[in-house]
Amino acid sequence: MSQTHANSEPHSEPNLRPKLMLIDGNSITYRAFFALPPLSNSQGQFTNAVYGFTQMLLKVLQTEHPTHVAVAFDAGKQTFRHRVYDEYKGTRQKTPSELSEQFPLVREVLEAFEIPALEVPEYEADDIIGTLATNAEAKGYEVLVVSGDKDLLQLVTNQVNAILTRKGVTDVERYTPESVFERYELTPRQIIDLKGLMGDNSDNIPGVPGVGEKTAIKLLKEFGSVEAVLSHIDDVSGNKLKERLRENEDKALMSKQLATIFCEVPINVAVDALTYSGQLTPKVLTVFRKLGFKSLVDKISREIDFSTNPSTVVDGKGGETKGVDEDTASATQETGVSSGDGTLTTKPAPQTPYQLIATKMELEQLWRQLRGEVGVIPVCDGADYHTANLEGFAIGTKSACYYVSFDGELETTDVKPLWSKDFEKTVFDLKSLVVLLDAHGQTLTPDGHWFDVLVSSYLLNPSDGELTLQNLLERELHRNVPQCNWDAVGDVEKKSQVASWLLELKHHINAGLREQELDDLFYKVELPLEFVLANMEVLGFRVNSERLKGIGGELQKQLEHLTEQIYQHAGMEFNINSPKQLGEVLFEKLGLPAMKKTKTGYSTSADVLEKLAPYHDIVADILQFRQLGKLQSTYVEGLLKVIRPETDRVHTRFHQALTATGRLSSSEPNLQNIPIRMEEGRKLRLAFEPTYQDWVILSADYSQVELRILAHLSGDEALVQAFRNDEDIHTSTAATVFGVAPEEVTSLMRRQAKAVNFGIVYGISDYGLSQNLNITRAEAARFIEDYFSKFPGVANYMKEIVEGARKTGYVTTLLNRRRYLPDIHSRNFNLRSFAERTAMNTPIQGTAADIIKLAMVRIDQALRESDLQARMLLQVHDELIFECPQTEVEELEALVHEKMENALTLSVPLKVDVHVGRTWYEAK
DNA sequence: TGCGACACG
DNA sequence: GTGCCGTGTCGCA
């Protein structure tokens, strides 16, 4: 591994060797455009791409400190590659004007940075970069190429490294020849061969059809290059593959040619002329202001080196003066600029003094030193917080770092003072800390002054991709996070440094929460909810494995019987679980009419099969087989695997920072999708029991919560009235839409109205409804039209929510939870329509999530304050499951009713149904 | 490893 | 030339 550069600090260790950074301007700008929501500044000019580009630029300059920099751009449409292959980049959509108008802005930014922008007619940015990289390498430079396109990996050598974006814009990864090999098992030059074989959709490079990354790598590992593969086709394993290679020899060779970066572009600028001073001039601030980059103005102002002029620092707290802290950044920014004299320097992250705490005496001293805000990172011997052992805590303050080790005489109970209100603790993933400490008999509570950077940053953007601590630090603070193994002991000094960065992250995120008015949602709902979820995870749900095995035995018998019958119908044996083989049997052997196709073959989905049922008895058996097979594999065998044998319990994980709408999700096992709709599956709930003999399961579910929310949000009079009268909503909708009295509504009419109601909540389309009801599109469109004319408030709400999303780029729930919808401006019909439906659905689904989360927090609090033994086991989106002694049923029922129905006050009542039973099955 | 199928709200 | 919202898990190719 040659991580030496990434972790070195150029300032402390002057580097005499020149370092050239070459940035692929097109690739980074493109990537930024699609990764970021369509931000625009006060003049309505779109700035997301230039913003992302600038973020990226700042980050790489700050972390790499190059001595020479250039940015390359594609020049115009036609390139020499089109002469080879006229369909080159043919599938690529026309560059949207929202993007192309930002390229001049990118150049303005570069001008302010005094970084040259290069382009050469007929050549692409790649080729310019390749040429300069080669030249510079020959002159003894260290070279870094920065791009979003993994093609550039072909340029990597020991002297030329690549920095590629991973997710978003600023989440990057640095590649050396070793790390290219680690990732692809190929040398950098073989990246060209890889593309020759697998092609590239975005550039319309064909490759060999049917060969993807996996196959291509396998072939290259064996033969080395495209040419070698083609001259040894006979030695390739797999007949189909051989055939494909033979048929596509030309394509493979041409694809390789297209993918090869041309390193002899005629450029009239010398590498040595591309010097970069490393100093930001005030011009940069001017351009940032003009573009409306408020946060970047703050950011670079914060990094201004005031060491020569400390008196300009305005620090209201009169505290530390060596840094500019977040809260005063806006004040100092003005001073920094108006003084206008000097140059502004970006600085690498500070190193904070570190101390190991391993004895009682050292710990005593720590308590005397420590006060106020601390970042805390638990250090464990494994990734799974349900089973890992706690080995110590990395602790960071603004000015010091510590590691408290439980390796010697200290144990977890010794750090108890840390959990008191006296310390304001910031962590990443509070729930996991609560679970970890519970294993050591320590109970953390919401009143202990907490901040969680995971859940809070999720609120700022729930669709931001995987939220890891590393991602957050890099994305939000532009910190180069030291390499360390987070799921193991060791690296404690680095971890404690990161712990102190948690505090900066907190302030950064807090500012965002205030700006989006999300502080209430975070502090009053999500943060306390972490403790509720932790307790549910730790407690688990008791499962009777004997009963489950009994159900499994029954299923097995039925499955065997069905298998036999299906073979008989088919006249042959085959794998019923294989959609491919099944398709062949149904549509070729038995000649049933194929109604739909998927990319891989015939569709055998349930809705297709249901239509085929009248043609052949085999179809019903297959549907039955599929259903039972699912029950057996997922719910019997899958569940048995995760029952802890010592306790007969399953412990799900709730994910609080995952869904785009604000819902929770559950996994390992997923207890939010235990069967209920079909009786056979529902029987599985017989295996879910209360902990003790004389206890019961109590379930409480919101009735029609999403439609009630729709009534509230839209204010539609008819819908509101229906709920105020406590009518059966689907019957009432049917009566209204079909213009009949409620008692004249037939079951068909009710079923159709129900589908329309669902469709409305999902962001309706005539196609979707027609599929669901098995009617024509025209008929579905009629239904929708009728519905909207009878519920004009709903029609208007849907129109306005989409318009609002177009204007602001996001939608919100009743508690201000936000979801960005960048595709709302897409030129792609599909993506745009999807975003529009999402705009209609998310406020509804998300508000339902807000409401039940609030109810959970209130119920948890009420239970803790009461003397009830009852406890919450699960949340399933619109219902809560509890267990309690039989004697508590009445009181718990009253409590749950009260808290759930009054979680929020809407213009329609919230209604909750409660069911009690010996098992989960019987609580219906 | 991506996809189809299917479990839930 | 489209396809109703949000999830997780299994088996196949």
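Data block above holds the structure.
In short, a report on the structure. This is a predicted model, so every value here is computed, not measured.

A closer look at the overall build of chain A
Then, in step 1: Tallying secondary structure elements over chain A gives 36 helices and 27 strands in all.
Then, in step 2: With 924 residues in all, chain A has 53% of them scored as buried.
Then, in step 3: Nonlocal contacts in chain A, meaning residues at least 24 apart in sequence, comprise 69% of its contacts between residues at least 6 apart.
Then, in step 4: Of the roughly 41,300 Å² that chain A leaves accessible, carbon and sulfur atoms contribute 49%.

With respect to the protein's contact with DNA strand B
Then, in step 1: Of all residues adjacent to DNA strand B, which total 24 residues, the nearest are Thr604, Arg626, Ile676, Arg677 and Asp878.
Then, in step 2: Within 4 Å of the protein, atoms of DNA strand B come from sugar and phosphate in 76% of cases.
Then, in step 3: Contacts to DNA strand B include Ser605, whose backbone N or O atom sits 3.4 Å from a phosphate oxygen.
Then, in step 4: The element that contributes the greatest number of residues to the surface near DNA strand B is helix H26 (residues 617–642), accounting for four residues.
Then, in step 5: For the surface near DNA strand B, a count of residues per class yields seven nonpolar, ten polar and seven charged.

A look at the nonpolar core
Then, in step 1: Within the largest apolar cluster, 180 residues are counted, with the highest numbers of intra-cluster contacts made by Phe393, Trp419 and Tyr702.
Then, in step 2: A per-element tally of this core places helix H35 (residues 829–865) first, with 14 residues.
Then, in step 3: Dropping the residues within four chain positions of it, Trp419 is found in contact with Val376, Phe393, Lys425, Leu433, Leu437, Gln442, Leu444, Gly448 and Trp450.
Then, in step 4: In terms of nonpolar packing, the next biggest core, distinct from the first, is built from 51 residues, Val143, Leu152, Leu197 and Leu220 among them.

Some thoughts on the pattern of salt bridges
Then, in step 1: Evaluated as defined, the whole model comprises 38 salt bridges.
Then, in step 2: Between Lys290 and Glu108 there is a salt bridge whose closest N-O contact spans 2.6 Å. Here Lys290 is found in helix H14 (residues 282–291), whereas its partner Glu108 is found in helix H6 (residues 103–113), with 182 residues between them in sequence.
Then, in step 3: Ionic pairing is found between Lys899 and Glu898, a salt bridge with its closest N-O pair at 3.4 Å.
Then, in step 4: We classify Lys899 as partly exposed; its relative accessible area is 25%.
Then, in step 5: The exposure class of Glu898 is partly exposed, given its relative accessible area of 41%.
Then, in step 6: Members of the salt-bridge network, linked through shared partners, are Lys19, Glu64, Glu142 and Arg174.

Quick notes on the sheet that holds strand E27 (residues 912–917)
Then, in step 1: Taking strand neighbours across the sheet as the criterion, the four strands line up as E25-E26-E22-E27 in an open arrangement whose pairing is antiparallel. The open sheet has two free edges, formed respectively by strand E25 (871–875) and E27, since each of these has just one partner strand. Recorded for the sheet is a direction-independent mean angle of 25° between the axes of neighbouring strands.
Then, in step 2: Where E25 lies against strand E26 (residues 879–885), four bridges are found, and the strand directions are antiparallel. Following the sheet pairing, Met872 is matched in E26 by Phe882.
Then, in step 3: Each of strand E22 (695–702), E26 and E27 touches helix H36 (residues 889–901); the most contacted strand, E22, lies at about 20° to it.

Considerations on the side chain of Asn26
Then, in step 1: Relative to the elements of secondary structure, Asn26 occurs in helix H2 (residues 25–35).
Then, in step 2: A polar contact is formed between the side chain of Asn26 and the backbone nitrogen of Asp74, at a distance of 2.6 Å.
Then, in step 3: Once residues lying within four places of it in the same chain are set aside, the contact partners of Asn26 are Ala72, Phe73, Asp74, Phe103 and Ala125.

Re unusual backbone geometry
Then, in step 1: The step from Glu668 to Pro669 runs through a cis peptide bond, and the omega angle for that step is 0°.
Then, in step 2: Structurally, Pro669 is set in the loop between strand E20 (665–667) and helix H27 (679–682).
Then, in step 3: Despite not being glycine, Glu122 has its phi angle at roughly 80°, a positive value.
Then, in step 4: In this structure, Glu122 sits in the loop between strand E3 (117–118) and helix H7 (125–138).
Then, in step 5: You will see that Glu517, though not glycine, has its phi angle at about 55°, which is positive.
Then, in step 6: Mapped onto the elements, Glu517 comes out in the loop between helix H21 (492–515) and helix H22 (519–539).
Then, in step 7: Classification of Glu517 as exposed rests on a relative accessible area of 57%.

Each value, and the rule that gives it
Residues numbered from 1 in each chain as written. Chains lettered and ligands numbered in written order. Predicted model: local features only at pLDDT ≥ 70, side-chain atom pairs only at ≥ 80, totals over all residues. Heavy atoms only, no water. Helix = DSSP H or I, 4+ residues; strand = E, 2+ residues; numbered from the N terminus. Buried < 20%, exposed > 50% of the residue type's maximum accessible area, 1.4 Å probe, protein only. Contact = heavy atoms within 4.5 Å. Areas by Shrake-Rupley, 256 points an atom, 1.4 Å probe, with all protein chains shown as cover. Near = heavy atom within 4 Å. Polar contact = N/O pair within 3.5 Å; in protein donor to acceptor, adjacent residues only side chain to side chain. Nonpolar A, V, L, I, M, F, W, Y, C, P; charged D, E, K, R; others polar. Core = buried A, V, L, I, M, F, W, Y, C linked by side-chain atoms within 4.5 Å. Salt bridge = Lys/Arg side-chain N within 4 Å of Asp/Glu carboxyl O. Pairing = 2+ DSSP bridges. Axes fitted to C-alpha atoms, helices over the stretch in contact; angles between N-to-C directions.

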